Amino acid sequence: AEPIVKVWMEKELGLEGRLAEAREGAGQLGTFASELPRILLQAERAAGAFAAMAESGIRLEDDTIRRLAAEEARHTRSGRVALWIGALALLALLAAAVL
């Protein structure tokens, strides 16, 4: 087993392994460098969009506004129902204590 471990260590941790890692790193660096113009263009567009939103606000479509309002109304309605149930329960306890 010792010769197998020695060969593996030389291959993985020796000069051959380091050169393989360097090739892999260079390939990844090349891929990143080729993608860099696209990444920078997307970042520039995003920065422009954020600047426009900061200046003029966020524009929502009418359908989006209607859906947000409906969800808020549904949430508020369930909160009111829970509040009324709690109030009625307190009244029932008060009535039971008085009677």
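Above this text is the structure in question.
Quantities reported herein were computed from a predicted structural model and do not represent experimental measurements.

Some words on the overall build of the protein
Summing up its helical and strand segments, the protein has three helices and zero strands in all. Rg of the C-alpha trace for the protein: 33 Å, well past the compact-globule value of 13 Å for 99 residues, more than 25% over. Along the first, second and third principal axes, the C-alpha set of the protein runs to 95 × 50 × 20 Å. Of the roughly 9,100 Å² of accessible surface on the protein, 67% is carried by carbon and sulfur atoms. Across the protein, 12 positive and 14 negative side-chain charges occur, with their mean positions spaced 7 Å apart.

Overview of a nonpolar patch on the surface
A cluster of nonpolar side chains, contributed by Phe-50, Met-53, Ile-58, Leu-60, Ile-65 and Leu-68, occupies part of the molecular surface with about 600 Å² of accessible area. Those elements that place two or more of their residues in the nonpolar patch are helix 2 (15-56) and helix 3 (62-98). Note that Met-53 resides in helix 2.

Things to note about the pattern of salt bridges
Under the definition given, this model contains three salt bridges. With its nearest N and O atoms 2.6 Å apart, the salt bridge here joins Arg-38 to Glu-35. Here Arg-38 and its partner Glu-35 are both found in helix 2, three residues apart, which amounts to about one turn of the helix. A residue is classified by how much of its surface remains accessible, and Arg-38, at 43% relative accessible area, is partly exposed. Salt-bridge contacts for Arg-67 lead to Asp-63; the nearest nitrogen and oxygen are separated by 3.4 Å.

Topic: helix 1 (residues 2-13)
Between the first and last C-alpha of helix 1 there are 16 Å, a value that for 12 residues agrees with the 16 Å anticipated at 1.5 Å per step. Summarising burial for helix 1: zero of the 12 residues are buried, a small minority.

Section: the packing of helix 1 against helix 2
At their nearest, the axes of helix 1 and helix 2 sit 3 Å apart, and the two run at 35° to each other. In this structure, helix 1 contributes Glu-10, Lys-11, Glu-12 and Leu-13 to the contact, and helix 2 contributes Leu-15, Glu-16, Gly-17 and Arg-18. In terms of residue class, the contact of helix 1 with helix 2 is built from two nonpolar, one polar and five charged.

The rules behind these values
Residues numbered from 1 in each chain as written. Predicted model: local features only at pLDDT ≥ 70, side-chain atom pairs only at ≥ 80, totals over all residues. Heavy atoms only, no water. Helix = DSSP H or I, 4+ residues; strand = E, 2+ residues; numbered from the N terminus. Rg over C-alpha atoms; globule rule 2.2 N^0.38 Å. Areas by Shrake-Rupley, 256 points an atom, 1.4 Å probe, with all protein chains shown as cover. Lys, Arg positive; Asp, Glu negative; His and termini not counted. Charge placed at Lys NZ, Arg CZ, Asp CG, Glu CD. Patch = residues over 30% accessible without salt bridge, like charges linked within 9 Å, V, L, I, M, F, W, Y side chains within 5 Å. Salt bridge = Lys/Arg side-chain N within 4 Å of Asp/Glu carboxyl O. Buried < 20%, exposed > 50% of the residue type's maximum accessible area, 1.4 Å probe, protein only. Expected span 1.5 Å × (residues − 1). Axes fitted to C-alpha atoms, helices over the stretch in contact; angles between N-to-C directions. Contact = heavy atoms within 4.5 Å. Nonpolar A, V, L, I, M, F, W, Y, C, P; charged D, E, K, R; others polar.

As far as function goes, none of this settles anything; it's purely spatial.
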